[in-house]
Every structure is written in structure tokens, then in C-alpha cells.
Amino acid sequence: MKTIQINVSSGNYEIKLGYGILKNLPDLLEQINISGKVIIITDTNVSSLYLDMLKEILKDKFDVDEVIIPAGEEYKTLDTVYGIYEKLSEINVTRKDTILAFGGGV
């Protein structure tokens, strides 16, 4: 696994790159002291391919929930953001929880 350090005016962060990195995700999250549940936000395209696998990888160390939004440019709207907020409220997300955006689309 390769780590790239990013330094910007708003703060510093790391990007982890590597083959098969998803299987290491629980350990990576623990290294940065993630507590609470993990909420995966993804779109319908990515969820149909990877969501079950990702939830399976995380389930032994974290409570996992998901928010799935429609794929496509036409859904990059404030209405979609409102829908995400509604779902997060329904599943009682708190400041202790972690949101994991999975996929590069919406």
C-alpha cells in the first residue's frame, strides 16, 4: 500500500492507494480512531457492484448502514442532498459516526 500525504490550507490528510485495499479498510478506519457506526453513501451503480462486499468487510468491527442515491448527473441536486439528510436523520446519525462516501459519482 502506498500513502500520499496531501497538505492544503484547510488541513492535511492522507490518500491510501493499493491493490485489494478494501480488505484493509476496517484496520485503516481503526487506525484513525473511528468509533460509532459507519454510514456508506453511494449511488445505485456502485451499490449494485460493491455494497454487499463492503458491508461484509466492515461488519465484524463496525455497525454499518447505507444511504443509496440514484446514479446520474440529473441527481446532483439539492433535493438529493435533502434526501441524504433525511435518511441520516432516520438512522439517527450522530457526530460520533463516520460517513464513508464510496464511489466517484454523485
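Above: the structure in question.
K.L.:
Report on the sheet that holds strand S5 (residues 98-101), specifying residues and quantitative values.
P.N.:
Ordered by their spatial adjacency, 3 strands build an open sheet running S4-S3-S5, and the pairing between neighbours is parallel. Bordering the open sheet on either side are strand S4 (64-69) and S5, each of which pairs with just one other strand. The mean inter-strand angle of the sheet, taken between neighbouring strand axes irrespective of direction, is 25°. Taken together, the 4 bridges between strand S3 (residues 38-43) and S5 define a ladder with parallel strand orientation. Residue pairing in the sheet places Ile39 in a bridge with Ile99 of S5.

K.L.:
So what's going on with the pattern of salt bridges? Which residues, and what values?
P.N.:
Under the defined criterion, the tally for this structure stands at 6 salt bridges. A salt bridge links Lys55 to Glu66; the nearest nitrogen and oxygen atoms lie 2.9 Å apart. Note that Lys55 is positioned in helix H2 (residues 44-58) and Glu66 in strand S4, a separation of 11 residues in sequence. Take Lys55: its relative accessible area is 26%, and that puts it in the partly exposed class. Look at Glu66 and you get partly exposed, because its relative accessible area is 21%. Its salt-bridge partner being Glu73, residue Lys76 comes within 2.8 Å of it at the nearest N-O pair. Judged by its relative accessible area of 44%, Lys76 falls in the partly exposed class.

K.L.:
Which residues make up the nonpolar core, and what values do they have?
P.N.:
Of all hydrophobic cores here, the largest spans 12 residues; its members are Leu25, Leu29, Ile34, Val38, Ile40, Val46, Leu51, Leu54, Leu58, Phe62, Leu100 and Phe102. Among the elements that make up this core, the one with the highest residue count is H2 (4 residues). With sequence-adjacent residues up to four places away left out, Val38 is seen in contact with Leu29, Leu58, Phe62, Asp63, Val64, Asp65, Thr98 and Leu100.

Scoring rules and cut-offs
Residues numbered from 1 in each chain as written. Predicted model: local features only at pLDDT ≥ 70, side-chain atom pairs only at ≥ 80, totals over all residues. Heavy atoms only, no water. Pairing = 2+ DSSP bridges. Helix = DSSP H or I, 4+ residues; strand = E, 2+ residues; numbered from the N terminus. Axes fitted to C-alpha atoms, helices over the stretch in contact; angles between N-to-C directions. Salt bridge = Lys/Arg side-chain N within 4 Å of Asp/Glu carboxyl O. Buried < 20%, exposed > 50% of the residue type's maximum accessible area, 1.4 Å probe, protein only. Core = buried A, V, L, I, M, F, W, Y, C linked by side-chain atoms within 4.5 Å. Contact = heavy atoms within 4.5 Å.

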